[in-house]
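Geometric and topological summary
Each chain is listed here by its residues.
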Amino acid sequence: MLESLITSKTRLRLLVKFFVNDRNQSHLRGLADEFGESTNAIRKELNNLTQAGILLKHSDKNKISYHANTEHPFFTNIRDIIRKYLGLDMLLEQILERMGEVGQVVLVGDVSRGIDSGKIDVLITGDNLNQDYIQGLKKRIEKMIDRKVVFTLKNERHEGYGLVLFDNKIGV
């Protein structure tokens, strides 16, 4: 549905890259390699998004990197739209509904780095997690969001890289 509002696939991919996780940053050549597109098409969209104030650019020697402008008045709105587009809101809601004593829900893998590969890797930590529920949930969520979902369940807290969607210790 978002494709009908944002007709530039490159622009949509850039928004996913930078707004699914505001810590993501990249440079022109890296984005061209990642997206498999020409640097000219990406440069045009980066310039448009930078001029609108949605992205910020930072120069370090001869390398310019880009990242989301978290101070932009629409930052939260854009982030929420991108997360809805990926289905992360439904995913989190369904996990917390009947999973047991969930400690954390963390996105790892491609989506946490802003790459919409069609697969979402989710790490769930906690005690007494309902493993039977997760199997049925996986199929239901994949149908709802039209993406493959891989769940990993652990007892101990996750301290590594990823995008934390829920953490009961820090109130996120």
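So, a few notes on the structure that sits alongside this text.

Calculation rules
Residues numbered from 1 in each chain as written. Predicted model: local features only at pLDDT ≥ 70, side-chain atom pairs only at ≥ 80, totals over all residues. Heavy atoms only, no water. Core = buried A, V, L, I, M, F, W, Y, C linked by side-chain atoms within 4.5 Å. Buried < 20%, exposed > 50% of the residue type's maximum accessible area, 1.4 Å probe, protein only. Helix = DSSP H or I, 4+ residues; strand = E, 2+ residues; numbered from the N terminus. Contact = heavy atoms within 4.5 Å. Axes fitted to C-alpha atoms, helices over the stretch in contact; angles between N-to-C directions. Parallel < 35°, antiparallel > 145°, perpendicular 65-115°, else oblique. Pairing = 2+ DSSP bridges.

Here we take up the nonpolar core. In this structure, F19, L91, I95, V122 and F151 are the most contacted members of the largest nonpolar core, which totals 46 residues. When residues of this core are assigned to their parent elements, the largest contribution, 6 residues, is made by helix α2 (residues 9-19). Each residue touching F151, except ones within four places of it in the same chain, is listed here: L91, I95, V122, I124, I134, L137, K138 and I141.

For helix α3 (residues 28-35), the complete set of buried residues consists of L28, G30, L31, A32 and F35. Tucked into the core, α3 has its buried residues touching α2, β1 (25-27), α4 (39-51) and β3 (63-68).

Below, the discussion takes up the packing of α2 against helix α5 (residues 75-86). When two helices pack together, their arrangement is captured by the angle between the axes and the distance separating the axes. Contact geometry of α2 with α5 gives a least axis separation of 9 Å together with a crossing angle of 105°. Accordingly, the angle class assigned to the pair α2 and α5 is roughly perpendicular. Facing L12, L15, V16 and F19 of α2, the residues of α5 in contact are F75, I78, R79, I82, Y85 and L86.

This part covers the sheet that holds strand β7 (residues 163-167). Spatially, β6-β5-β4-β7 is the arrangement adopted by the 4 strands of the open sheet, whose pairing is mixed. Strands at the two margins of the open sheet, each flanked by one partner only, are β6 (148-154) and β7. Averaged over all neighbouring strand pairs, the angle between strand axes comes to 20°, with direction disregarded. Relative to β7, strand β4 (residues 101-108) runs antiparallel, the two being bridged by 4 bridges. Its bridge partner being in β7, V105 is matched across the sheet by F166. Here helix α7 (residues 131-145) sits on the sheet in contact with β5 (119-127) and β6, set at roughly 155° to β6.

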